[in-house]
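Given next are the chains, with one letter for each unit.
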Amino acid sequence: MKNLSIIVAVAENNVIGINNTLPWHLPEDLKRFRALTTGHHIIMGRKTYESLGRLLPGRTTVIVTRNKNYHVEGALIADSLESALALCKEDGEPFLIGGAELYQAGIALANKLYLTKVNVSVDGDAFFADINASDWHLNEKKDHIAASGLEYSDLIYTRI
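These lines cover the structure that appears in this document, whether it is placed above or below.

Rules of the game
- Residues numbered from 1 in each chain as written.
- Predicted model: local features only at pLDDT ≥ 70, side-chain atom pairs only at ≥ 80, totals over all residues.
- Heavy atoms only, no water.
- Helix = DSSP H or I, 4+ residues; strand = E, 2+ residues; numbered from the N terminus.
- Rg over C-alpha atoms; globule rule 2.2 N^0.38 Å.
- Areas by Shrake-Rupley, 256 points an atom, 1.4 Å probe, with all protein chains shown as cover.
- Lys, Arg positive; Asp, Glu negative; His and termini not counted.
- Charge placed at Lys NZ, Arg CZ, Asp CG, Glu CD.
- Buried < 20%, exposed > 50% of the residue type's maximum accessible area, 1.4 Å probe, protein only.
- Polar contact = N/O pair within 3.5 Å; in protein donor to acceptor, adjacent residues only side chain to side chain.
- Contact = heavy atoms within 4.5 Å.
- Pairing = 2+ DSSP bridges.
- Phe/Tyr/Trp six-rings, centres within 6.5 Å; stacked < 30°, edge-to-face > 60°.

### Considerations on the overall build of the chain
1) Next: Regarding its fold elements, the chain presents 4 helices and 10 strands.
2) Next: Along the chain, from the amino end to the carboxyl end, the secondary structure elements read β-β-α-β-α-β-β-α-β-α-β-β-β-β.
3) Next: In terms of C-alpha radius of gyration, the chain reaches 15 Å, essentially the compact-globule figure of 15 Å for 160 residues.
4) Next: Summarising its shape, the C-alpha atoms of the chain cover approximately 45 × 35 × 25 Å along the three principal directions.
5) Next: Of the accessible surface of the chain, which amounts to about 8500 Å², a share of 51% is contributed by carbon and sulfur atoms.
6) Next: The distance from the centre of the 16 positive side-chain charges to the centre of the 19 negative ones in the chain is 4 Å.

In C-alpha cells form, the structure reads like this:
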C-alpha cells in the first residue's frame, strides 16, 4: 500500500467546512498542520486550493481537478487521487488535505489519519468521510483548550 496520510479538522457533527472556508478560527491547529506537512507533498482538490488562494510554503502542492486545462504555476496537477499519489512516489508521507470529495476517496487508501476533533457542532456544507472505527487504531490523543477558549483534541490513528 502506498503511504497516504489524511489531515483534517472535524466538528462534533462531522462538518469540515462552510462556503469553502473553515467554520472556526483555530491558530493552534494551523500551527500543527504546518509542522506536520512542511517538507511533504500536500494533495488537495481544486476548490480547496482556490480557497487557500496560494501555494503553501515548504510543501509541494498537488491539485486534483477534472479540468485538463487547469494550471497553477509551481503546483503539480493531477486528474485523480491515484494519479496525484503517483506524483508523490518519492515522498514517504504525502498528506491529503481536502476537500470533502477527496477525503471520501482517500479514506480507503490512507494508512494514517491526523484528526483534530473540534468540540463544537457547527453549520456546514462540507463533511468528513465516514470512517469505520474497526479499521483504525488510536495511537495518540491530546486534549487542548485554544486561546479562544475552544476545546479540541489532536488524534493520530493508524490503519489496522
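### Remarks on the side chain of threonine 37
1) Next: Within the fold, threonine 37 resides in helix H1 (residues 27–37).
2) Next: We classify threonine 37 as buried; its relative accessible area is 0%.
3) Next: In terms of polar contacts, threonine 37 uses its side chain to reach the backbone carbonyl oxygen of phenylalanine 33, at 2.8 Å.
4) Next: The residues contacting threonine 37, other than those within four sequence positions of it, are Ile7, Ile42, Arg59 and Phe95.

### Side note on the sheet that holds strand S7 (residues 112–118)
1) Next: Strand order in the open sheet made by the 8 strands is S5-S4-S3-S6-S1-S7-S10-S9, with mixed pairing throughout. For this open sheet the edge positions go to strand S5 (76–78) and strand S9 (136–145), each flanked by a neighbour on one side alone.
2) Next: With 9 bridges joining them, S9 and strand S10 (residues 151–159) adopt antiparallel strand pairing. Counterpart to histidine 144 in the pairing with S10 is tyrosine 152.

### Regarding the environment of leucine 102
1) Next: Position of leucine 102 relative to the elements: it lies in helix H4 (residues 100–106).
2) Next: On the basis of relative accessible area, leucine 102 is assigned to the buried category, the value being 11%.
3) Next: Separated by 14 residues in sequence, leucine 102 and threonine 116 place their C-alpha atoms 18 Å apart.

### Considering the environment of lysine 117
1) Next: Tracing the chain through its elements places lysine 117 in strand S7.
2) Next: You can call lysine 117 partly exposed: its relative accessible area is 26%.
3) Next: If sequence neighbours within four positions are ignored, lysine 117 has contacts with Val10, Ala11, Glu12, Glu151, Tyr152, Ser153 and Leu155.

### Side note on the pairing of S10
1) Next: Examined bridge by bridge, S7 and S10 share 7 bridges and lie antiparallel to one another. Following the sheet pairing, lysine 117 is matched in S10 by serine 153.

### Let's talk about the packing of aromatic side chains
1) Next: Enumeration over the complete set of coordinates arrives at 2 aromatic pairs.
2) Next: Taking the centre distance of 5.5 Å and the plane angle of 40 degrees together, the rings of phenylalanine 95 and tyrosine 114 count as tilted. Linking phenylalanine 95 in strand S6 (residues 95–96) with tyrosine 114 in strand S7, this pair joins segments that are 19 residues apart in sequence. Grouping residues by exposure puts phenylalanine 95 and tyrosine 114 together as buried.
3) Next: Look at tyrosine 103 and phenylalanine 128: their rings are 5.1 Å apart centre to centre, the planes differ by 70 degrees, and that puts the pair in the edge-to-face class. With tyrosine 103 in helix H4 and phenylalanine 128 in the loop between strand S8 (126–127) and S9, this residue pair connects regions lying 25 residues apart in the sequence.

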